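Observations on the model geometry
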Amino acid sequence: MFAWLRRRRAAPAVPEDLWRATLARYPFLAARAPAEQERLRALSAEFLARKEFHGANGLVITDEIAVAIAAQAVLPVLHLGLGWYDDFVGIVVHPAEVLARRTETDDSGVVHAWEEVLAGEAMEGGPVMLNWRDVAHAGASADAGFNVVIHEFVHKIDMRDGAPDGCPPLRSRQAREHWLRVMGEAYQPFREAVIKAERFGEERPWLDDYGASSIDEFFAVACEAYFVNRERFTREFPALVDLFDSFYRPRSSP
Ligand SMILES: [Zn+2]
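Anyway, here's the lowdown on the structure attached to this text. (Residues numbered from 1 in each chain as written. Predicted model: local features only at pLDDT ≥ 70, side-chain atom pairs only at ≥ 80, totals over all residues. Heavy atoms only, no water.)

**Here we look at the overall build of the chain**
If you tally the helices and strands in the chain, you get 11 helices and 6 strands. Relative to the 2.2 N^0.38 estimate, which gives 18 Å for 254 residues, the radius of gyration of the chain is 19 Å and therefore close to what a compact globule would have. The dimensions of the chain, computed from C-alpha atoms along their principal axes, are 55 × 40 × 35 Å. Per-residue burial for the chain yields a buried fraction of 45% across its 254 residues. Residue pairs in contact within the chain that sit at least 24 positions apart in sequence constitute 65% of those at least 6 positions apart. (Helix = DSSP H or I, 4+ residues; strand = E, 2+ residues; numbered from the N terminus. Rg over C-alpha atoms; globule rule 2.2 N^0.38 Å. Buried < 20%, exposed > 50% of the residue type's maximum accessible area, 1.4 Å probe, protein only. Contact = heavy atoms within 4.5 Å.)

**Comments concerning the packing of aromatic side chains**
Each pair of aromatic rings is reported with the distance of its centres and the angle of its planes. A complete count under the given rule lists 25 aromatic pairs for this structure. Their ring planes at 70° and their centres at 6.1 Å tell us that phenylalanine 218 and phenylalanine 237 sit as a pair that is edge-to-face. Taken together, the positions of phenylalanine 218 in helix α9 (residues 215-228) and phenylalanine 237 in the loop between α10 (230-236) and α11 (238-248) put the pair 19 residues apart, joining distant regions of the chain. Taken individually, phenylalanine 218 and phenylalanine 237 each receive the classification buried, so the pair is uniform in this respect. Aromatic side chains phenylalanine 244 and tyrosine 248 sit 6.3 Å apart centroid to centroid with 85° between the ring planes, which places their arrangement in the edge-to-face category. One end of the pair is phenylalanine 244 and the other is tyrosine 248, both in helix α11 and 4 residues apart, which spans about a single turn. (Phe/Tyr/Trp six-rings, centres within 6.5 Å; stacked < 30°, edge-to-face > 60°.)

**Re the coordination of the zinc ion**
Only His151 (NE2), His155 (NE2), Glu217 (OE) and Glu217 (OE) from the protein coordinate the zinc ion, and they sit 2.1 to 2.7 Å from it. Around the zinc ion, the 4 donor atoms are arranged such that angles at the metal cover 52 to 144°; this shape is classified as irregular. Counting gaps between the donor residues of the zinc ion yields the pattern H-x3-H-x61-E. Of this pair, histidine 155 sits in helix α7 (residues 148-158) while glutamate 217 sits in helix α9; the two residues are 62 residues apart in sequence, bridging distant segments of the chain. Both residues of the pair, histidine 155 and glutamate 217, belong to the buried class. (Donors = N, O, S within 2.8 Å, 3.2 Å for Na, K, Ca; no water. Tetrahedral: all angles 85-135°; square planar, octahedral: opposite > 155°, others 65-115°.)

**Description of the packing of helix α4 (residues 34-50) against helix α5 (residues 63-73)**
At a closest axis distance of 8 Å, the pairing of α4 and α5 adopts a crossing angle of 120°. When the axes of α4 and α5 are compared, the crossing they make is right-handed. Counting all contacts with α4, which are made through Leu40, Ser44, Phe47 and Leu48, the residues of α5 involved are Ala66, Val67, Ala70, Ala71 and Ala73. Grouping the constituent residues of the contact of α4 with α5 by class yields 8 nonpolar, 1 polar and no charged. (Axes fitted to C-alpha atoms, helices over the stretch in contact; angles between N-to-C directions. Left-handed = near helix turned anticlockwise from the far one by under 90°. Nonpolar A, V, L, I, M, F, W, Y, C, P; charged D, E, K, R; others polar.)

**What about the nonpolar core?**
Ranked by internal contacts, the top residues of the largest apolar core, which has 73 residues, are Phe47, Phe153, Phe233, Leu240, Phe244 and Tyr248. The element best represented in this core is α9, accounting for 10 residues. (Core = buried A, V, L, I, M, F, W, Y, C linked by side-chain atoms within 4.5 Å.)

**Overview of the pairing of strand β4 (residues 111-118)**
When strand β3 (residues 98-105) meets β4, the two strands line up antiparallel, connected through 8 bridges. Looking at the pairing, valine 98 lines up with leucine 118 of β4. Counting the residues between successive antiparallel strands, the hairpin from β3 to β4 contains 5 residues, one of them, glycine 109, with a positive phi of roughly 90°. (Pairing = 2+ DSSP bridges.)

**Focus: α9**
Taking 1.5 Å of rise per residue, 14 residues should cover 20 Å, and α9 covers 20 Å from first to last C-alpha, within 8% of that figure. For α9, a buried count of 13 out of 14 residues is recorded, marking the element as mostly surrounded by other parts of the structure. (Expected span 1.5 Å × (residues − 1).)

**Here's the deal with the sheet that holds strand β5 (residues 121-122)**
Read from one edge of the open sheet, 4 strands run β1-β2-β6-β5, paired in mixed fashion. Looking at which strands have only one partner, the edges of the open sheet turn out to be β1 (52-55) and β5. The pairing of strand β2 (residues 90-94) with strand β6 (residues 128-131) spans 4 bridges and is classified as parallel. Among the inter-strand pairings, valine 93 is bridged to a residue of β6, identified as leucine 130. Relative to the sheet, α7 contacts β2, β5 and β6, its axis offset from that of β6 by approximately 170°.

Functional significance is not addressed by these values, which are geometric in nature.
Given below as structure tokens:
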């Protein structure tokens, strides 16, 4: 088939009952303005037509699972377009978190092996891995600003221009410098607060501790909260709301 013809063929719409059930499951989607919800639904349908889901460890991918993931995955690119995700097709879904074996050889040749619990993973130019248990609970975990789908898809956006560095591809060097400065001004105090909480039992800051591990993880973690709990995120990180709006809502749409 000719490419233009394929592009013109509209993806089948997400069925009404399935879409309503998805909105009911995720109040942070249902709270969007009607025009945004329509765009979400249309983009979700396109996403479903372009991506391939694979169930792992016995998980069978149902329509419910596929639409739940699609509706959250397209949230970051609602005003940017699906082109941001065109470097991969596969989405692997496990029933629950995955125990991954890691090995690393240090400079003196000693091999270190450890196990890591993964809620999800995004590979540069490769597939996204998620776990259904966390995806299914994303409605309740929005209070804490958690969202595994948004986390991994923001990594994909970050990696569009190479290794993740906490900054998406931007138009100019100045824009990038500005981005990294504003991010750093939010990241450093957050990281210090997490360290103080761990070492001295001080109050833990709001937002997933995992964001304190590196600037790129902080970017992914902050975006989770920005998309699912904007109200609290605005109180905690006002400078990041403006920064993220400038990227995710480039035409300053409402
Ligand atoms: Zn991450």
